[in-house]
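Tertiary structure, described
Given next are the chains, with one letter for each unit.
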Amino acid sequence: MPKFIHLRSKSSSALSENDVTDEHVYKNRRTLLKQLGFIGASGLLSNKALAGPFDWFKSDDPTPTFKQQALSFTQSNAKNYPIPSTPESIATSYNNFYEFGTAKDDPIKHSQSLSVEPWTLQIDGLVEKPITLSYDDLFKTLDLEERIYRLRCVEAWSMVIPWIGFELGKLIALAQPLSSAKYVAFSTLLSPEQMRGQRNQFVGGGVEYPYVEGLRLDEAMHPLAFLSVGMYGKTLPPQNGAPIRLVTPWKYGFKSIKSIVKISLTDKMPPTSWNRLIPSEYGFYANVNPTVDHPRWSQARERRIEGSSVFDQERVNTQMFNGYPEVADLYKNMDLRKFY
Ligand SMILES: Nc1nc2c(c(=O)[nH]1)N[C@H]1C(S)=C(S)[C@@H](COP(=O)(O)O)O[C@H]1N2
Ligand SMILES: [Mo]
């Protein structure tokens, strides 16, 4: 039986269509499609009509078998979906989740039998009240809300995704951090039996597992920092980090750690997977910053993936903090070239 998630509150951080995609970007895309002959009298063609040899997002045989649970939406939540947001079919088939392989279509192909029930998420370390959440607790401990956020990968592609979840800071507050707590460490599930990338370092891209991430405590308490338990009106599919994953929209995507089993408050900066692997390229902070290039490529622009084919990408300028200036105060006296 599917369980229904009722969205009770709508956050001020939920973006409207105009907030998520600049109007000129949307218009340019239509102009391009028109020049290519893809817009007829009825507007944009369906995804099917655009699919073809250039549709590199299609995986050979994804045949998802993982059971997602339906969410019920009120009318008001439904109308908050941005029309040019990334289609669900793309956001759930073009993924980075190295536990299942490094190709973009490996996660959807190889994660469908991930077992998420039962699940245990522990919040521990320097807290007054350690918390253990079961699978069901993930959906009922805090009110669920929808947030439409941009996701900017360090590889210079981006998407716009409607998440469902709650503020990370609200969960941390329940655990009552001690005054000695300065950082938050996250860990993904370690399950070599289920995750082929954890069995074979070539499949897993050389990452040391479990995948770990971290935030400064003040970053974690910022209202934009979000724990997601669903997307596009349903519980998360495994390839997107079921049953619960972090979303820090002002940071490069690799900070948004998937399938979390542990959140520990600490007094020391915790190790993070990509920093541990290639420290010269990936720092602890990883704030989206168009003025600080990756050593091997520019971060000034990005490919916004909006549709089901190569023609539905738009090159847009990358914005400071990915367009979330409300986090700037967290870094006001820091040299962001040094703390990349
Ligand atoms: N555990 C784990 N979390 C992860 C990753 C990963 O390989 N393993 N990849 C990261 C990267 S690089 C990105 S861009 C985002 C992608 O999230 P999405 O597939 O939901 O778009 O997940 C992040 N979280
Ligand atoms: Mo990424």
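Residues numbered from 1 in each chain as written. Chains lettered and ligands numbered in written order. Predicted model: local features only at pLDDT ≥ 70, side-chain atom pairs only at ≥ 80, totals over all residues. Heavy atoms only, no water.

Our focus in this paragraph is the pairing of strand S9 (residues 212-216). With five of five residues buried, S9 lies mostly within the body of the structure. Side chains of S9 alternate between two faces, with Val212, Gly214 and Arg216 and Glu213 and Leu215 buried alike. Sheet topology note: the strand S8 (residues 183-188)/S9 ladder contains five bridges and is antiparallel. Its bridge partner lying in S9, Ala185 is registered against Gly214. (Buried < 20%, exposed > 50% of the residue type's maximum accessible area, 1.4 Å probe, protein only. Helix = DSSP H or I, 4+ residues; strand = E, 2+ residues; numbered from the N terminus. Pairing = 2+ DSSP bridges.)

The environment of ligand 1 is made up of 16 residues, and the closest members are Asn95, Tyr98, Glu99, Ser256 and Lys258. Contacts to ligand 1 include Arg245, whose side-chain N or O atom sits 2.9 Å from an oxygen atom. In this structure, ligand 1 is accommodated by the largest pocket. For the shell around ligand 1, the residue count by class is seven nonpolar, six polar and three charged. (Near = heavy atom within 4 Å. Polar contact = N/O pair within 3.5 Å; in protein donor to acceptor, adjacent residues only side chain to side chain. 1 Å grid on protein atoms, 1.4 Å probe; cavity = no way out; pocket = protein on both sides within 12 Å on 5 of 7 lines; lining within 4 Å. Sits in = over half its atoms within 2 Å of the grid points. Nonpolar A, V, L, I, M, F, W, Y, C, P; charged D, E, K, R; others polar.)

Judged by nonpolar contacts, the single largest core of 79 residues is most densely connected at Leu168 and Ile263. The leading source of residues in this core is strand S7 (residues 157-167), at six residues. Sequence-distant contacts of Ile263, that is, excluding residues within four places in its chain, are made with Leu121, Gln122, Ile123, Asp124, Leu168, Leu171, Val184, Ala185, Phe186 and Leu227. (Core = buried A, V, L, I, M, F, W, Y, C linked by side-chain atoms within 4.5 Å. Contact = heavy atoms within 4.5 Å.)

Moving on, we get to the pattern of salt bridges. Summed over all chains, the structure comprises 15 salt bridges. Across the pair Glu167 and Arg147 runs a salt bridge, and its minimum N-O distance is 2.8 Å. Separated by 20 residues along the polypeptide, Glu167 in strand S7 and Arg147 in strand S6 (residues 145-152) bring together distant segments of the chain. You'll find Glu167 and Arg147 in the same group, each marked buried. Close ionic contact of Glu302 with Arg304 constitutes a salt bridge, the shortest N to O distance being 3.3 Å. As far as burial versus exposure is concerned, Glu302 and Arg304 are alike and both buried. Here the salt bridges do not stand alone but share partners, grouping Glu145, Arg147 and Glu167 into one network. (Salt bridge = Lys/Arg side-chain N within 4 Å of Asp/Glu carboxyl O.)

So, on to the side chain of Glu213. Residue placement: Glu213 occurs in strand S9. A polar atom in the side chain of Glu213 sits 2.7 Å from the side chain of Lys255. What Glu213 contacts, discounting residues up to four positions off in sequence, is Val184, Ala185, Phe186, Phe254, Lys255, Ile257, Pro271 and Thr272.

Moving on, we come to unusual backbone geometry. With an omega of 5°, the peptide bond between Glu117 and Pro118 qualifies as cis. Among the secondary structure elements, Pro118 is positioned in the loop between helix H6 (106-110) and strand S4 (120-125). Of the consecutive residues Tyr209 and Pro210, the connecting peptide bond is found in the cis state with omega at 5°. Along the chain, Pro210 turns up in the loop between helix H9 (196-199) and S9.

A few words now on the layout of surface pockets. In this structure, the largest pocket spans a volume of roughly 510 Å³. Take the lining of the largest pocket: its biggest share by element is four residues, from S7. For the lining of the largest pocket, the per-class residue count stands at 18 nonpolar, six polar and four charged. (Points joined across faces, edges and corners; volume = space filled by probe spheres on them.)

Averaged over every residue, the pLDDT of the chain is 83; the share at 70 or more is 76%. In this model, residues 1-60 is a region of pLDDT below 50 whose contacts with residues beyond four sequence positions or in other chains number 113 contacts. When the criterion is pLDDT under 50, residues 73-82 qualifies, and its contacts beyond four places in sequence or with other chains add up to 22 contacts. (pLDDT = per-residue confidence, 0-100.)

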